[in-house]
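# Structural features, examined
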Amino acid sequence: MSVPVYLDHNATTPIDESVLEAMLPFLRQQHGNASSRHEMGTVARRAVDRAREQVAAAVGARPAQVVFTSGGTEANNLFIKGAAAMLRPQQIVVGAIDHPCVAMPARDLVRAGWTLRRLAVDADGVADLGDLDVALRQPTGIVSTMLANNETGVLQPVAAIAARARQARAWMHSDAVQALGKVPVDFEALGVHGLTVSAHKLRGPKGAGALVLDKRIELKPLLHGGGHESGMRSGTENVPAIVGFGAACDLAVARLAAFEAHCVALRDELDARLAAAGATVFGRLAPRVPNTTCFALDGIDGETLVIELDRLGFCVASGSACSSMSTEPSATLLAMGVTPDLARGAVRVSLGPDNDAQQIRDLAAAVAATASRLRRLTAMAV
Ligand code: PLP
């Protein structure tokens, strides 16, 4: 059986060989606890500190600002819940297209007396600053908007949102999980109080992430215990995964320009071929990360197309992998004003450095052929 063509890098990425090499000593002989005082513990502590520097450098922050977590989900929850616990109940503004691990903790705050407001997006999937200005007329404690959308890849004007949030005295957070490694990310330039990143989206291991924090605000930790991570996240550090995260950050920075050039060329060719086959490419006119295309074909169900493409050897996603268990149309596409019928057809292709032009041509041909076949079957059934 031939190896499938992996085109689902927004769900997760294959670990880079050099990242694995960096991790292996900490899975084998260097098994010390980073809190232990002996030599093995010191080796582990130094490795965690080095990774902290690497993650900080990748996002233009200082090492002391990095709180390691189990991933993006935990970092997002830590900011939303940790900030809310320090503030009186008021309004929280969250992007209408934000990931469930931001949207759901925000919704949960309603039970504690907060008002939830979802920040609208335009037809291209970009946050509507006019809607934000209206929202910020209410006393607002927290604003959280993602930097790059996981489904469409559309980039959000986070710096402009943060400037408005700060003026309104709100704490500003951004989920940069889908941005780091794909576009430059700079904590200071964004002007946020908190920034979430995750290792497995940039060729690092699963189970490591970070919340990068402006030290002028204080969050209530989610986990209490031994006081790890400056008291912000108790629990023995996952040293191998953190080491891998650091190595992946170094790699992402070093390869960013090459990644962008490689993926943009492939994505533009894919977009053109899909459009020629009659597909709608969502957010095509908006600034996007270089590796993501989300499209739909009239009358073709996204789930069915994904299954058919899988049979033909292509790994792609319908909507977002995180919600792929659900048959509901994508909330992101609905927020963009896409009809539920067309949104049910959404398929996401997310590229990586190992993909090539032949794979893109083969995929586009497979999409067109499968769509014709499915349409013929539907026509025969009526
Ligand atoms: N935020 C976004 C935008 C994501 O796409 C994901 C995962 O798909 C997450 C957060 C969750 O990150 P993790 O898998 O590290 O928990």
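Residues numbered from 1 in each chain as written. Predicted model: local features only at pLDDT ≥ 70, side-chain atom pairs only at ≥ 80, totals over all residues. Heavy atoms only, no water.

On to the site of the ligand. Neighbouring residues of the ligand: 15 residues in total, closest Gly72, Thr73, Asp175, Ser198 and Lys201. In this structure, Thr73 approaches the ligand through a side-chain N or O atom, which is 2.6 Å from an oxygen atom. Contact between the ligand and Ser198: an oxygen atom at 2.7 Å from a side-chain N or O atom of the residue. Burial of the ligand by the protein chains amounts to 90% of its free accessible area of 390 Å². Ranked by residue count, the leading element in the shell around the ligand is helix α3 (residues 72-84), at 3 residues. Its residues placed into classes, the shell around the ligand shows 4 nonpolar, 9 polar and 2 charged. (Near = heavy atom within 4 Å. Polar contact = N/O pair within 3.5 Å; in protein donor to acceptor, adjacent residues only side chain to side chain. Areas by Shrake-Rupley, 256 points an atom, 1.4 Å probe, with all protein chains shown as cover. Helix = DSSP H or I, 4+ residues; strand = E, 2+ residues; numbered from the N terminus. Nonpolar A, V, L, I, M, F, W, Y, C, P; charged D, E, K, R; others polar.)

Attention shifts here to helix α1 (residues 17-27). Within the span of α1, buried status applies to Val19, Met23 and Phe26. Along the axis of α1, the buried residues cluster in a sector spanning 40°; they form a single face. Of the surrounding elements, those touching the buried residues of α1 are α2 (39-58) and α8 (239-276). (Buried < 20%, exposed > 50% of the residue type's maximum accessible area, 1.4 Å probe, protein only. Arc of directions from axis to C-beta. Contact = heavy atoms within 4.5 Å.)

On to the side chain of Ser350, then. Tracing the backbone shows Ser350 in strand β12 (residues 347-350). A polar side-chain atom of Ser350 sits 2.8 Å from the main-chain amide nitrogen of His9. A distance of 2.8 Å separates a polar atom in the side chain of Ser350 from the backbone nitrogen of Asn10. When sequence neighbours within four positions are dropped, the list of residues in contact with Ser350 reads Leu7, Asp8, His9, Asn10, Asn291 and Thr292.

Below, the discussion takes up the pairing of strand β3 (residues 91-95). Every other side chain in a regular strand lies on the same face of the sheet, so the side chains alternate between the two faces. For β3, the tally of buried residues reaches 5 of 5 residues, placing the bulk of the element in the interior. Covered by surrounding structure in β3 are Gln91, Val93 and Gly95 together with Ile92 and Val94, the residues of both alternating faces. For β3 and strand β4 (residues 115-119), the ladder comprises 5 bridges, and the chain directions are parallel. Along β4, the bridge assignment pairs Gly95 with Leu119. Assessed by its sense of winding, the connection that carries the chain from β3 through helix α4 (residues 100-108) to β4 is right-handed. Sheet analysis places β3 next to strand β5 (residues 140-144), joined by 4 bridges and oriented parallel. Directly across from Gln91, in β5, lies its bridge partner Thr140. (Pairing = 2+ DSSP bridges. Right-handed = clockwise from strand over helix to strand, strands pointing away.)

Turning our attention to the nonpolar core. Counting residues in each nonpolar core, the largest one holds 57 residues, and the members touching the most others are Phe68, Val185, Leu195 and Phe245. Not counting the four nearest positions on each side in its chain, Val185 is found in contact with Ala58, Val59, Gly60, Leu147, Ala176, Ala179, Leu180, Leu190 and Leu195. (Core = buried A, V, L, I, M, F, W, Y, C linked by side-chain atoms within 4.5 Å.)

Below, the discussion takes up unusual backbone geometry. Most of the time, phi is negative for any residue but glycine, and the peptide bond is trans. In this model, Glu229 sits at a positive phi of 50°, which is unusual for a non-glycine residue. Position of Glu229 among the secondary structure elements: in the loop between β8 (209-213) and α8. Although it is not a glycine, Ser230 adopts a positive phi angle of roughly 55°. Judged by relative accessible area, Ser230 falls into the exposed class, the value being 65%.

Here the distance between the centres and the angle between the planes together describe a pair of aromatic rings. Throughout the structure, instances matching the rule amount to 1 aromatic pair. Arranged with centres 6.2 Å apart and planes meeting at 65°, the rings of Phe68 and Phe245 form a pair that is edge-to-face. Within this pair, whereas Phe68 is found in strand β2 (residues 66-69), its partner Phe245 is found in helix α8, the two being separated by 177 residues in sequence. Looking at Phe245, the relative accessible area reads 0%, which means it is buried. (Phe/Tyr/Trp six-rings, centres within 6.5 Å; stacked < 30°, edge-to-face > 60°.)

In this section: the sheet that holds strand β10 (residues 292-296). Note: strands within a sheet are paired through backbone hydrogen bonds, in either parallel or antiparallel orientation. What the 3 strands build is an open sheet, ordered β9-β10-β12; its pairing is antiparallel. Strands at the two margins of the open sheet, each flanked by one partner only, are β9 (280-281) and β12.

Assigned domains within the chain: domain 1 (5-12 + 256-381) and domain 2 (17-251). Placing the centre of domain 1 and that of domain 2 at their C-alpha centroids yields a distance of 28 Å. On the side of domain 2, 26 residues touch domain 1, which itself brings 28 residues to the contact. Summed over both partners, the interface of domain 1 with domain 2 comes to about 2,300 Å²; 55% of that surface belongs to carbon and sulfur atoms. Summed over the shared surface of domain 1 and domain 2, the result is 1 salt bridge. On the surface where domain 1 and domain 2 come into contact, there are 13 residue pairs in polar contact (both at pLDDT 80 or more). For the side of domain 1 that touches domain 2, the elements supplying multiple residues, two or more each, are α8, β10 and α10 (331-335). For the side of domain 1 that touches domain 2, the residue count by class is 15 nonpolar, 9 polar and 4 charged. (Domains from an automatic or database assignment. Buried area = accessible area lost by both parts, 1.4 Å probe. Salt bridge = Lys/Arg side-chain N within 4 Å of Asp/Glu carboxyl O.)

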